[in-house]
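# Close look at the chain arrangement
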Amino acid sequence: MAYGKEEKKLSQAEQHELAKRQWGCYVRARDNGHLDYIEIAKQCDAFYRGKQWDPADLSDLDDQGRPALTINTILPTINAVLGEQTTRRMDVNFKPRGRGQQEIANVLTKLFIQIADNNKMDWIESQVFADGLIQDRGWFDVRIDFDDHINGEVRVVPKDPMDILIDPDAKEYDPRTWNEIFETRWMSLDEIEEQYGQAKADKLRITVEEGSALGVDSVEYEETRYGDTSASVEYNQGNTTNPEENRKLRSVRIVERQYYRLKECMFYVDSVTGDMREVPLNWSKRKRESFADEFGLEILTKKIRKVRWTTTADLTVLHDEWSPYDSFTLIPYFPYWRRGRPFGMVRNLISPQEQLNKISSQELHIVNTTANSGWIVETGSLNGMNADDLEEHGAETGLVLEFNRGSNPPAKIPPNQIPAGLDRISQKAALNIKQISGISDAMLGTDSPEVSGVAIQAKQNRGAMMIQVPLDNLTKTRQYLAEKVLSLVQAYYTEERLIQITDETDPLKERVPMRVNEITPEGLIINDLTLGEYDVIIGTSPSRDTFEEIQFAEAIALRQIGVPIPDDMILEYSHLQRKGEIAQRIRAMQGTEPPTEEQAQIMQFQAEAQIKKTQLELAQMEAEVQRLQSESQLNMAKAQETAEVDPQLKIADMQSKVEIKREELALRERLSQMTNQVRTGQSETQAASKIAVAAMKPTGGGTSG
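Since the model is a prediction, treat every value here as computed from it, not as a measurement. Numbers given for residues are sequential positions, taken from 1 along each chain in its written order. Thresholds applied to this predicted model are a pLDDT of at least 70 for local features of residues and 80 or more for the giving and counting of side-chain atom pairs; totals over whole chains, interfaces and linings are not thresholded and use all residues. The side-chain values count all of the structure's non-hydrogen atoms but skip hydrogen atoms and water molecules.

What follows concerns the overall build of the protein chain. Strands here mean DSSP runs of E at least two residues long; helices mean DSSP runs of H or I at least four residues long; both are numbered from the N terminus. What the protein chain contains, in helices and strands, is 21 helices and 20 strands. The rule is simple: take the accessible area with a 1.4 Å probe, protein chains only, and divide by the maximum for that residue type; under 20% is buried, over 50% is exposed, in between is partly exposed. Counting every position in the protein chain, which comprises 705 residues, the buried fraction comes to 38%. Any two residues having at least one pair of non-hydrogen atoms within 4.5 Å are treated as being in contact. In the protein chain, once contacts between residues fewer than 6 apart in sequence are set aside, the share between residues at least 24 apart is 71%. Total accessible area on the protein chain stands at roughly 40,700 Å², and carbon and sulfur atoms take up 51% of it. Computed with a 1.4 Å probe, the accessible areas rest on the Shrake-Rupley method; for each residue, only the protein chains presented here act as cover.

In this section: the side chain of glutamine 52. Examined against the element boundaries, glutamine 52 turns out to sit in the loop between helix H1 (12–49) and helix H2 (55–64). A relative accessible area of 6% means that glutamine 52 is categorised as buried. In this structure the side chain of glutamine 52 is engaged in a polar contact, spanning 3.2 Å, whose partner is the side chain of glutamine 353. Setting aside chain neighbours within four positions, we find glutamine 52 in contact with Phe47, Thr70, Ile71, Asn72, Gln353 and Asn357. Any pair of N or O atoms that falls within 3.5 Å is considered a polar contact. Within protein, one atom must be able to donate a hydrogen and the other to accept it, and sequence-neighbouring residues count only if both atoms are side-chain atoms.

By salt bridge we mean one thing: a side-chain nitrogen of Lys or Arg within 4 Å of a carboxyl oxygen of Asp or Glu. In total, this model carries 27 salt bridges according to the counting rule given. Measuring nitrogen to oxygen at the nearest pair gives 4.0 Å for the salt bridge that ties glutamate 180 to arginine 28. Taken as a pair, glutamate 180 in strand E5 (residues 180–187) and arginine 28 in helix H1 lie far apart in primary sequence, 152 residues in all. Note on glutamate 180: relative accessible area 6%, which makes it buried. Among the charged side chains, a network of salt bridges with common partners joins Arg28, Asp169, Glu180 and Arg257.

This part covers the sheet that holds strand E2 (residues 138–145). Pairing within the open sheet is antiparallel, and its three strands lie in the order E3-E2-E11. Looking at strand neighbours, the two that pair on one side only are strand E3 (153–159) and strand E11 (330–333), the edges of this open sheet. Across this sheet, the average inter-strand angle for adjacent strands is 25°, counted without regard to direction. Of the strand pairs in this sheet, E2 and E3 are connected by seven bridges, and their pairing is antiparallel. By the bridge assignment, phenylalanine 140 is partnered in E3 with proline 158. What makes two strands pair is DSSP finding at least two bridges between them. Each axis is a line fitted through C-alpha atoms, and for a helix only the stretch in contact is used; angles between axes span 0 to 180 degrees, taken between their N-to-C directions.

With that settled, consider the nonpolar core. Here, nonpolar core refers to any group of buried Ala, Val, Leu, Ile, Met, Phe, Trp, Tyr and Cys residues whose side-chain atoms link them within 4.5 Å. Core analysis: the largest hydrophobic core is formed by 81 residues, its most contacted members being Ile78, Val142, Val154, Trp178, Val489 and Leu529. At nine residues, helix H14 (residues 468–492) tops the list of elements feeding residues into this core. Setting aside its immediate chain neighbours within four residues, isoleucine 78 contacts Tyr48, Leu133, Ile134, Met345 and Val346. Met187, Ile192, Val208 and Ala313 belong to the second-largest nonpolar core, a separate cluster that totals 13 residues.

This part covers the packing of helix H6 (residues 189–196) against helix H7 (residues 198–208). For any two helices packed against each other, one specifies the inter-axial angle together with the distance between the axes. Two elements in contact, H6 and H7, have axes separated by 7 Å at closest approach and are oriented at 145°. Seen from H6, the contacting residues are Leu189, Ile192, Glu193 and Tyr196; seen from H7, they are Gln198, Lys200, Ala201, Leu204 and Arg205. Looking at side-chain class alone, the contact of H6 with H7 contains five nonpolar, one polar and three charged residues. Classes in brief: Ala, Val, Leu, Ile, Met, Phe, Trp, Tyr, Cys and Pro nonpolar; Asp, Glu, Lys and Arg charged; the others, Gly included, polar.

What follows covers helix H3 (residues 74–86). With 13 residues, H3 extends 19 Å from end C-alpha to end C-alpha; this agrees with the ideal 18 Å at 1.5 Å per step. Among the residues of H3, those classed as buried are Ile74, Thr77, Ile78, Ala80, Val81, Leu82, Glu84 and Gln85. Expected span of a helix, by definition, is 1.5 Å for each gap between consecutive residues, and there is one gap fewer than residues.

To continue, consider a positive patch on the surface. The patch calculation keeps residues exceeding 30% relative accessible area without a salt bridge and links them within 9 Å when they carry like charges or within 5 Å when they are nonpolar (Val, Leu, Ile, Met, Phe, Trp, Tyr). Positive charges come from Lys and Arg, negative ones from Asp and Glu, while His and the chain ends are left out of the count. Where a charge lies is defined by one atom per residue type: Lys uses NZ, Arg uses CZ, Asp uses CG and Glu uses CD. Taken together, the side chains of Lys171, Arg338, Arg339 and Arg341 present a region of like positive charge at the surface. Position of lysine 171 among the secondary structure elements: in the loop between strand E4 (164–166) and E5.

This brings us to unusual backbone geometry. Of note in the backbone geometry, aspartate 136 takes a positive phi value of approximately 75° without being a glycine. By relative accessible area, which is 0% here, aspartate 136 ends up buried. Phi is positive for aspartate 314, close to 55°, though the residue is something other than glycine. Relative to the helices and strands, aspartate 314 is located in the loop between strand E9 (298–313) and strand E10 (316–322).

A separate point is a nonpolar patch on the surface. Among the surface-exposed residues, Leu558, Ile561 and Val563 lie close enough to one another that they form a single nonpolar patch of about 260 Å² accessible area. Relative to the assigned elements, valine 563 resides in the loop between helix H15 (544–560) and helix H16 (567–572).

Below, the discussion takes up helix H17 (residues 579–590). Spanning 12 residues, H17 covers 16 Å between terminal C-alpha atoms, matching the ideal 16 Å at 1.5 Å per step. Within H17, the full set of buried residues consists of Lys579, Gly580, Ala583, Ile586 and Arg587. The arc enclosing the buried residues of H17, seen along the axis, measures out at 125°, which places them on a common side. What points out from H17, more than 90 degrees from its buried face, is the exposed set Arg585, Ala588 and Met589. With its phi angle positive at about 80°, glycine 591 sits one or two positions after the end of H17. The arc in question is formed by the directions pointing from the helix axis toward the C-beta atoms.

Turning to the packing of aromatic side chains, a few remarks are in order. Between the rings of Phe, Tyr and Trp (Trp by its six-membered ring), a pair exists once the centres lie within 6.5 Å; its type follows the angle of the planes, with under 30 degrees stacked, over 60 edge-to-face, and the other angles tilted. Applying the stated rule across the entire model yields 19 aromatic pairs. Look at tyrosine 173 and tryptophan 337: their rings are 6.0 Å apart centre to centre, the planes differ by 65°, and that puts the pair in the edge-to-face class. Residue tyrosine 173 is located in the loop between E4 and E5, and its partner tryptophan 337 is located in strand E12 (residues 336–338); the two are separated by 164 residues in the primary sequence. Taken individually, tyrosine 173 and tryptophan 337 each receive the classification buried, so the pair is uniform in this respect. An angle of 45° between the planes, with centres 5.1 Å apart, marks the rings of tyrosine 268 and phenylalanine 291 as tilted. Highlighted residues: tyrosine 268 in strand E7 (residues 247–269) and phenylalanine 291 in helix H8 (residues 285–295), separated in sequence by 23 residues. The class of tyrosine 268 is buried, set by a relative accessible area of 3%. Taken together, Trp139, Tyr173, Trp178, Phe334, Trp337 and Tyr480 form an aromatic cluster joined through their ring pairs.

Read these as geometric descriptors, not functional statements.
Okay, structure coming up:
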């Protein structure tokens, strides 16, 4: 597409051809591993939920009267790893690189915390992590959402792993190295009309009313016959031209594909630093050339990889444009990744879990048959009951059998002996699950009571090493996620915004406003997020409750050895219900509470009054110095004759007092300024930093990074 011009609209035939190509790419990705993945993902999810027997096997066992036990050891095993992840929450920081500034990096860190808080990132990450462990794959979707903010906000949502199709040729973990990625889902015509418009829905309705041209996987119909309105059936309409009248369209498969294509783009180039920034797509020739002349930039044209976004439903193209983002919106999490083959933890636990269930069921069956092994009865020997009655009541406690004189008494059939070592096989199956997953009894909290605490701690640390691979891959995913958020912030957070951040210095942890991209009356931009390059530093931090417990214990320990930690800081790490108010009262009693607005005004008034008093005293002293100097020469002779004190000494003494008073006045004026700054809520360091940043900013516009 040419700069400043719209793309040419596709004709009907071209749209059909594009939809067919899209469908062919989808079928290739679907048939090259995705269908197999769906089957194993459903099985892994069922095993985690405790549905671990095949329905056919359950039916056979029930017909034979044999038990089918489910000893779900996968559930606590996976939950132990999920719990380990909750104690290692994501901690993201930014540091400047290139022309970046540390102050802007701090603002970006606070902004990321605000974005994570708005999106409930901890819960979303836990869900994606669970999807990865259980169903092999987890997905974040990161894009700009305009529902709550007119200029857009970063929105992060989890995706169903079974809806995402990976590029069959992918070899690396990073999705930026892939060629394409798919998201597919079933949507009704009403949903399509709501999202893509009535014209698209009507066009699609006309296309599929006479049958899908792409096969059974593209369109789904349902029966509308009397008496069975809920039964749905799929039809392959590829060769059908006259469908029955009793069918209606149920849903259509939406195929959303993001893929890379070469595109010719223009860049601004700084000839001094070599930095490059892409020219906005909607700028006209005159505007981009005037901008280059104003800032001394050169314009370079070259072909680069850009993301194309195409969405189709059957033979209808719903959307086909260049993506507004420089990379895919989907960020993956794979617990294990081996040359394009991701897998999770449950997959390798299915076989030992099935072994444990079958052996445990067999043990119970043998015990049951031992307790009621059956009877040997001579025909007609029973008195008052028959063989069927004995079969029904033969295992009851206190059973009394009466048999006819002269006949052989009923005898129990000797039961089979329990095979030696059968119990050890079940123990081996349970042990295999622990060895494969790396989750020991110490990590599950089921270790023997006689084991020492030191040994348990050592086992827990060793168990954490066994699950380090999925946790390390989670760190990799966090890196890609933070880089994606940074890219969106620098591209879309270009106007002045007011965001709410948590004031960590406040005991009540209230939210305070912070402005970004603020334009001053002089034309300077404060907290400009669009310029500069920044690195992402990924760390981990414990959950809030765990973190405060650790900090509280360490603060108490330091207080006990003599470190003067303030009382209010110790209270902030406690679990008291109104700890913020209590800490505030303690500061008020100890005189360390920051002054209120009224108190600051009174302090300012008192300081100004004291300054005026000091100025008056200084003026009196300076007048006294002048009087002494004028009289010194006249009284010099008389002073020498009477041996009085030298007037010069009095002058020197008075001048020293004047200097002291001047220093006192300067100090009081300094304290008055600090009091005024406290009242206005701006420290001197903050003011100086803002002035320094503003001085470093160029006047006028700038390129967006």
